[in-house]
Amino acid sequence: MFINSLKLTLRQFNRRKSYVLINLIGLTLGLTTAMLIGKYVMNEWYTDAFVPNAERTFRLVRVGEINLEPYDVGVTSAPYAPALESDYSDDIESTTRVLKGSSIVQIDNERFEETNYLYVDPNFISFFNLPLLYGDPKEALGEANRIVLTRQTAEKYFESAAAALGKILRIDNNYDAIVTGVFDDLPFQSHLEFDLVESNQSLYNLGFWTRWWNNSLVTYLRLNEAVSAENFNSRLPDFMDKYFGDDFARTGNKIGLKIQPLKDIYFASDTRYDPVKHGNRSGVMIFFFAAILLVVIACINYINLTTATAITRSKEMAIHKVLGSGKSVIIKRMLMESLLLTTLAILFALQLAYIALPWFSNLLGTTLNFEFPIWKLSLIIIALGLFVSFVSGFYPGLIMASFQPKKVLKGSAFSRNNSTGLFRKGLVIFQYALSTVLLCSTFLIYQQLNFLGSKELGFDKDQVLIIRSNNREIVRQSMTFKNELLRKPGIQSVSFMNGEPGGFHDATTIDLPSLSKDLRMRTAFVDFDYVTTLGLELIAGRGIQSNLASDSTESVLINEQALKDIGLAAEDILGQTLYMTAFDTLPKKVIGVVKNYHFSSLHDEIEPLVISYSPRTSMIAVKIQGDNITESIASVENVWTKMVPAFPFNYSFLDERLQRHYNDEIKQGQLFGFFAVIAIFIACLGIFGLAIFSASNRVKEIGIRKVLGASVLGIVVLLSKDVIKLVAISIIFASPIAYFFMDNWLDEFAYRINIHWGVFIIAGLIAVMVAFITVSFQSIKTALIHPANSLRSD
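Residues numbered from 1 in each chain as written. Predicted model: local features only at pLDDT ≥ 70, side-chain atom pairs only at ≥ 80, totals over all residues. Heavy atoms only, no water.

**Student:** Give me the nonpolar core: which residues, what numbers.
**Tutor:** A general feature of soluble globular proteins is that nonpolar side chains tend to end up buried together. Formed by 104 residues in total, the largest nonpolar core has its most connected members in Phe-360, Tyr-432, Tyr-597, Ile-611 and Phe-675. Of all the elements, helix H23 (residues 663-697) adds the most residues to this core, at 13 residues. Those residues in contact with Ile-611 that lie beyond four places of it in its chain are Ala-524, Val-526, Tyr-530, Ile-544, Val-556, Leu-557, Val-594 and Tyr-597. By size, the runner-up hydrophobic cluster in this structure holds 26 residues, among which are Leu-149, Tyr-157, Tyr-175 and Phe-208. (Core = buried A, V, L, I, M, F, W, Y, C linked by side-chain atoms within 4.5 Å. Buried < 20%, exposed > 50% of the residue type's maximum accessible area, 1.4 Å probe, protein only. Helix = DSSP H or I, 4+ residues; strand = E, 2+ residues; numbered from the N terminus. Contact = heavy atoms within 4.5 Å.)

Quick look at the structure:
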């Protein structure tokens, strides 16, 4: 029975080659895109899936507040973990800590600057169940100066991963570490990014390790099975009062504490001061639904073409019914056709997806592969195939099965205004509406990105080099380094800082005794040339000056937002005393007010900021002038190499660093553009197929019209106008949907564009033009047929 059905299906395919090819191309493109997006979605959702007892594993998160707005802080200090294990020994199974850092690694005469460098507790490997290619997971990090490499890092340093074991690495030109293990590739991605992992036991004697307020580590804990997260969270306020009560009373500001489920960390992108990797949950969901919609668009093509060509198969189905075939048999035949075509499309799609995966991975800025348990992959493909087959084949089967043999054989089974025609038009409208929504969204995303790139930020971001001061020596000799650079042509100014625009800005409670006010503000610790180097504008007072000794200990600047929150005029704030309670007890005088500048991304409103002098900095900004940028960079490198030859020179441009804040939006714009092109192409395939069918059914009508004097243009318009009407209707439906969707998306930005109606007009014109060109191709071909040929059979 199956073999006979298969033979009949193949015979039908042979008779309708053009329609089958159109359906096959549409389904293949839709399924290929769905597979690529599906792999990305699975990669995101299965983050940290390798961790054992993940449901009992949490991260410790502090809860802060700026001007009554609570926020989560992803880092804690080293004392939290042992104190929690001591105070809640019956509740906590184990803890582990991770400190994200960067180091210069030297092997023989080669040096590498590694930014994904972790210092961890000895139980780190077992806590997260990380697979090792080489080494003992219990002993690999058991002592100070032991280090474990990823396979890729080991192969970068040595001839093979196995050759890395036992090798000595020079770290920061300060101490030696021995390689005691090599990680295998993780089965799923992790929120922790690392290339090298070193035991943190070498840090135990450092001063910061025992300070409760030195928050720089990520602390994880695993609760015992009988302990609920809710119950444990309810007891953490007592823990904070025990260890921070005196500090809270002194500063007038309390910090909360809670545990965050491991499964929530990756998508908790609003967590502040967070050194771990994050994903975009809403973006993943958008891509997931986009993949489904592309498959649906391809299925609509199949339904439209199959129901449109039903009239050509009506007599065949009528004869089958006369010979005793019931409705179920006919429906099964249509499902068989759909299943066979879908199977072919899946086979082609798997090949295309495999070929396109490197390009797609590069587009997303991540690593994707099809390494997946074969039984799971098989189940997913089978489920996808059955879903597409059923969606595509069931409705056409119902239409075919509803034919009444008596009417069909008399030629009266169809009318021009039947419900099938209306349903088909509705599907075309739905199909093109989805495509237009994607097109409008793409335009608006790129408009917002252009707005972000062109908005005045309040500082000079162009031709500013940012260099990480990756060693103590360059900071110690900062004045010598600056003076050497300023002697070079093309170097305008140099500044050492903690708090470059777009970088990390800590927060503190600001106490203003004269006003009886406590305000939470962001901080930037800088040298004397910060304002000049970044081109900040002073609206009152003066900058921090090197020729005034008091400025290095007693003076601060604030921004306009801080001035607004304090509630004084610019001239009245000058000379006021404040205390930065989280850092020291020294009084500071406000000596100047800088105009608001965007020191964080445009996702956020400008916050109150206090700028203070500090000799301890982590970044260097070098302002370059003139057109000879390459020579200026070479000059900076020469001075660097001369002063600190043991440390590699690496730099980036400030404007490029700022652009990275919008990588998710750039990725979304690229993907939406990709989706829109695929969706419109698939929709055009369907319209092209319908145009072929419509033209073939009206060949004689066109011949008669030409005999009566109709022009080629008139015939093209005649054959195209129905489709153009449907596309126009789809644009009317799509515009408010796109507006609502993108208005919500734009609300994620504190600074955004206003949606202009012109976007929908442009998108609509493009959709109409593409549809017209698609239909016109077949319409012109039909219009050019000589009437004698089209009327010959009569």
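**Student:** Quick rundown of the pairing of strand E9 (residues 196-199)? Include the residues and the values.
**Tutor:** Residues of E9 alternate between two faces, with Leu-196 and Glu-198 on one and Val-197 and Ser-199 on the opposite face, all of them buried. As paired strands, strand E4 (residues 110-120) and E9 are joined by four bridges and run parallel to one another. Residue Tyr-119 lies in a different strand from E9, and its bridge partner there is Glu-198. Sheet topology places strand E6 (residues 146-150) next to E9; three bridges connect them, and they run antiparallel. Bridged to Leu-149 within E9 is Leu-196. (Pairing = 2+ DSSP bridges.)

**Student:** Which residues make up the packing of aromatic side chains, and what are the values?
**Tutor:** Within this structure, the stated rule accounts for 42 aromatic pairs. Here Phe-208 and Trp-209 contribute two aromatic rings whose centre-to-centre distance is 5.8 Å and whose plane-to-plane angle is 85 degrees, an arrangement assigned as edge-to-face. Classification of Phe-208 as buried rests on a relative accessible area of 18%. Seen in terms of ring centroids, Phe-674 and Phe-675 are 6.1 Å apart; in terms of plane orientation they differ by 50 degrees. Their pairing is tilted. A residue is classified by how much of its surface remains accessible, and Phe-675, at 0% relative accessible area, is buried. (Phe/Tyr/Trp six-rings, centres within 6.5 Å; stacked < 30°, edge-to-face > 60°.)

**Student:** Would you mind going over unusual backbone geometry in detail, with residue names and values included?
**Tutor:** Within the chain, Asp-48 stands out as a residue other than glycine whose phi angle is a positive 65 degrees. The residue Asp-48 is located in the loop between helix H2 (17-45) and strand E1 (57-66) in this model. Judged by relative accessible area, Asp-48 falls into the buried class, the value being 5%. Unusually for a residue other than glycine, Gln-463 sits at a positive phi of about 55 degrees. Turning to its location among the elements, Gln-463 is positioned in the loop between helix H14 (419-454) and strand E12 (464-468).

**Student:** Would you mind going over the pairing of strand E18 (residues 577-580) in detail, with residue names and values included?
**Tutor:** Burial along E18 is one-sided: the residues Leu-578 and Met-580 are buried and none of Thr-577 and Tyr-579 is. One ladder, built from two bridges, connects strand E14 (residues 507-512) with E18; its direction is antiparallel. Within the sheet, the bridge partner assigned to Ile-510 lies in E18 and is Met-580. Pairing between E18 and strand E19 (residues 587-594): three bridges, direction antiparallel. Bridge pairing links Thr-577 to Lys-589 in E19.

**Student:** Residue-level account of the pattern of salt bridges, with values.
**Tutor:** The full count for this structure, using the stated rule, is 26 salt bridges. Across the pair Arg-235 and Asp-91 runs a salt bridge, and its minimum N-O distance is 3.0 Å. Of this pair, Arg-235 sits in the loop between helix H6 (229-234) and helix H7 (236-251) while Asp-91 sits in the loop between helix H3 (80-87) and strand E3 (92-107); the two residues are 144 residues apart in sequence, bridging distant segments of the chain. Take Arg-235: its relative accessible area is 25%, and that puts it in the partly exposed class. Across the pair Asp-747 and Arg-752 runs a salt bridge whose closest N-O atoms are separated by 2.8 Å. For Asp-747, a relative accessible area of 47% corresponds to the partly exposed category. For Arg-752, a relative accessible area of 24% gives the class partly exposed. (Salt bridge = Lys/Arg side-chain N within 4 Å of Asp/Glu carboxyl O.)

**Student:** Now, about H7: what can you tell me, with residues and values included?
**Tutor:** When the local axis directions of H7 are compared, the greatest deviation, roughly 80 degrees, occurs at Phe-244. Among all positions of H7, only Leu-236, Phe-239, Met-240, Phe-244, Phe-248 and Thr-251 are buried. Taken together, the buried residues of H7 touch H3, H6, strand E11 (256-261), E14 and strand E15 (517-526). Downstream of H7 by a residue or two, Gly-252 has a phi angle that is positive, lying close to 70 degrees. (Bend = angle between axes of the 7 residues up to and from the residue.)

**Student:** Mind laying out the packing of helix H16 (residues 478-486) against helix H21 (residues 629-643), listing which residues take part and the relevant values?
**Tutor:** Running from N to C, H16 and H21 point in directions that differ by 145 degrees, and their axes come no closer than 10 Å. Seen from above, H16 lies across H21 with right-handed handedness. Facing Thr-480, Phe-481, Glu-484 and Leu-485 of H16, the residues of H21 in contact are Ser-635, Val-636, Val-639, Trp-640, Lys-642 and Met-643. Class assignment of the residues belonging to the contact of H16 with H21 gives a composition of six nonpolar, two polar and two charged. (Axes fitted to C-alpha atoms, helices over the stretch in contact; angles between N-to-C directions. Left-handed = near helix turned anticlockwise from the far one by under 90°. Nonpolar A, V, L, I, M, F, W, Y, C, P; charged D, E, K, R; others polar.)

**Student:** Tell me about the environment of Ala-161, residues and numbers included.
**Tutor:** Mapping Ala-161 onto the fold places it in the loop between helix H5 (151-157) and strand E7 (168-171). Remark: the alpha-carbon pair of Ala-161 and Gly-181, spanning 20 residues in sequence, is separated by 9.3 Å. Sequence-distant contacts of Ala-161, defined by excluding residues within four places in its chain, comprise Tyr-134, Arg-151, Ala-154, Glu-155 and Val-182.

**Student:** Account for a nonpolar patch on the surface, with residues named and values stated.
**Tutor:** Together, Leu-21, Ile-25 and Phe-681 line one region of the surface with nonpolar side chains, adding up to about 270 Å² of accessible area. In this structure, Leu-21 sits in helix H2. Accessibility expressed as a relative area gives 49% for Leu-21, which makes it partly exposed. (Patch = residues over 30% accessible without salt bridge, like charges linked within 9 Å, V, L, I, M, F, W, Y side chains within 5 Å. Areas by Shrake-Rupley, 256 points an atom, 1.4 Å probe, with all protein chains shown as cover.)

**Student:** A description of the side chain of Ser-614 should follow, citing residues and the corresponding values.
**Tutor:** Its location among the elements puts Ser-614 in the loop between strand E20 (609-613) and strand E21 (619-624). A residue is classified by how much of its surface remains accessible, and Ser-614, at 7% relative accessible area, is buried.

**Student:** Kindly report on H21, identifying the contributing residues and their values.
**Tutor:** An α-helix turns once every 3.6 residues. As a result, residues three or four positions apart point the same way. Between its first and last C-alpha atoms H21 spans 21 Å; for 15 residues at 1.5 Å apiece the expected length is 21 Å, and the two agree. Inspection of H21 places Ser-632, Ile-633, Ser-635, Val-636, Val-639, Trp-640 and Met-643 among the buried residues, and these make up the whole buried set. Seen along its axis, H21 keeps its buried residues to an arc of 155 degrees; they face one direction. Counted as exposed and oriented over 90 degrees from the buried face of H21: Thr-630, Glu-631, Asn-638 and Lys-642. (Expected span 1.5 Å × (residues − 1). Arc of directions from axis to C-beta.)

**Student:** Report on the packing of H3 against H7, specifying residues and quantitative values.
**Tutor:** Close contact between H3 and H7 brings their axes to 12 Å; oriented N to C, the two are set at 120 degrees. Judged on the interaxial angle alone, H7 and H3 are oblique. For the element pair H3 and H7, the recorded crossing hand is right-handed. Note on element contacts: H7 touches H3 through Leu-236, Phe-239, Met-240, Lys-242, Tyr-243 and Phe-244, opposite Tyr-80, Ala-83, Leu-84 and Asp-87. Counted by class, the contact of H3 with H7 contains eight nonpolar, no polar and two charged residues. (Parallel < 35°, antiparallel > 145°, perpendicular 65-115°, else oblique.)

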